[in-house]
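Fold and geometry: a report
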Amino acid sequence: QVQLVESGGGLVQPGGSLRLSCAASGSIFSINAMGWYRQAPGKQREPVARITKGDNTNYADALKGRFTISGDNAKNTVYLQMNSLKPEDTAVYYCNADIITTARTQYSSWGQGTQVTVSS
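Here we summarise the structure given alongside this text. (Residues numbered from 1 in each chain as written. Predicted model: local features only at pLDDT ≥ 70, side-chain atom pairs only at ≥ 80, totals over all residues. Heavy atoms only, no water.)

1. Considerations on the layout of surface pockets
- Here the largest pocket defines a volume of roughly 190 Å³.
- The wall of the largest pocket is formed by 16 residues, among which I31, M34, K53, N73 and N76 lie closest to the centre.
- Every element with two or more residues in the lining of the largest pocket is listed here: β4 (28-39), β5 (46-52), β7 (67-72) and β8 (77-82).
- If one sorts the elements of the lining of the largest pocket by residue count, β4 sits on top with 6 residues.
- Considered class by class, the residues forming the lining of the largest pocket number 7 nonpolar, 6 polar and 3 charged. (1 Å grid on protein atoms, 1.4 Å probe; cavity = no way out; pocket = protein on both sides within 12 Å on 5 of 7 lines; lining within 4 Å. Points joined across faces, edges and corners; volume = space filled by probe spheres on them. Helix = DSSP H or I, 4+ residues; strand = E, 2+ residues; numbered from the N terminus. Nonpolar A, V, L, I, M, F, W, Y, C, P; charged D, E, K, R; others polar.)

What follows is the structure in C-alpha cells.
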C-alpha cells in the first residue's frame, strides 16, 4: 500500500506564489518519477511538471518559467514552486508517482488533490 499526501494549496492573489508538497509513504522500494497534474472545473486533467529519479525535469510549455518542480529522493517528496500565479492557474492539483513497491510491482499512484485558487 502506497499513499501520496499533498499539502500547500490555498487561496492566493494574482501574482502571488505557493509551494505544493507531496510526500509518498508506504511499501515503497523505489520511485522512478513524480509529477504534478491539475484539473480546472469543467476541464480535463492536464500535466503540469514531472521529475525523474535522476532529476530530469519537464514542464507543460505554458508553465515554463513560472513553475519549478524539485524533489527530495531521501524523503520521497516532490515540490512544486508556483510563482506569478494567474486566475487561470486555479485548479485542483494532483500528485502522481511511478512507484515500484517492496513486492516489486510497478504502478502509478495518485494523491487526493489540493485546491489552488488564484483570486483577488
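2. What to know about the sheet that holds β7
- The antiparallel open sheet is built from 4 strands, whose spatial order is β1-β3-β8-β7. Where the open sheet ends on each side, the last strands, each with one partner, are β1 (2-7) and β7. Strand-to-strand twist across the sheet, computed as the mean angle between neighbouring axes with direction ignored, equals 15 degrees.
- Two strands pair when backbone bridges link them, and strand β3 (residues 18-26) and β8 are joined in this way by 6 bridges, in the antiparallel orientation. (Pairing = 2+ DSSP bridges. Axes fitted to C-alpha atoms, helices over the stretch in contact; angles between N-to-C directions.)

3. Points about the side chain of E6
- Structurally, E6 is set in strand β1.
- Among buried charged residues, E6 stands out as having no salt bridge; its nearest opposite-charge side chain is R45, 7.7 Å away.
- Polar contacts involving the side chain of E6 include one to the main-chain amide nitrogen of Q112, which spans 3.0 Å.
- In this structure the side chain of E6 is engaged in a polar contact, spanning 2.8 Å, whose partner is the backbone nitrogen of G113.
- Excluding its chain neighbours within four sequence positions, the residues that come into contact with E6 are S21, C22, W36, Y93, Y94, C95, G111, Q112, G113 and T114. (Buried < 20%, exposed > 50% of the residue type's maximum accessible area, 1.4 Å probe, protein only. Lys, Arg positive; Asp, Glu negative; His and termini not counted. Salt bridge = Lys/Arg side-chain N within 4 Å of Asp/Glu carboxyl O. Polar contact = N/O pair within 3.5 Å; in protein donor to acceptor, adjacent residues only side chain to side chain. Contact = heavy atoms within 4.5 Å.)

4. A closer look at the side chain of T90
- Considering the arrangement of structural elements, one finds T90 in the loop between β8 and β9 (91-101).
- A polar contact of 2.9 Å, which involves the side chain of T90, links it to the backbone nitrogen of V118.
- If sequence neighbours within four positions are ignored, T90 has contacts with A40, P41, Q115, V116, T117 and V118.

5. Quick look at the state of the cysteines
- Counting across every chain of the model gives 1 disulfide.
- Across the disulfide, C22 is cross-linked to C95 (sulfur-sulfur distance 2.1 Å). In this structure the cystine formed by C22 and C95 twists about its S-S bond by roughly -85 degrees; its chirality is therefore left-handed. Of the two residues, C22 is situated in strand β3 and C95 in strand β9; the sequence distance between them amounts to 73 residues. When sorted by exposure, C22 lands in the same class as C95, which is buried. (Disulfide = S-S within 2.5 Å.)

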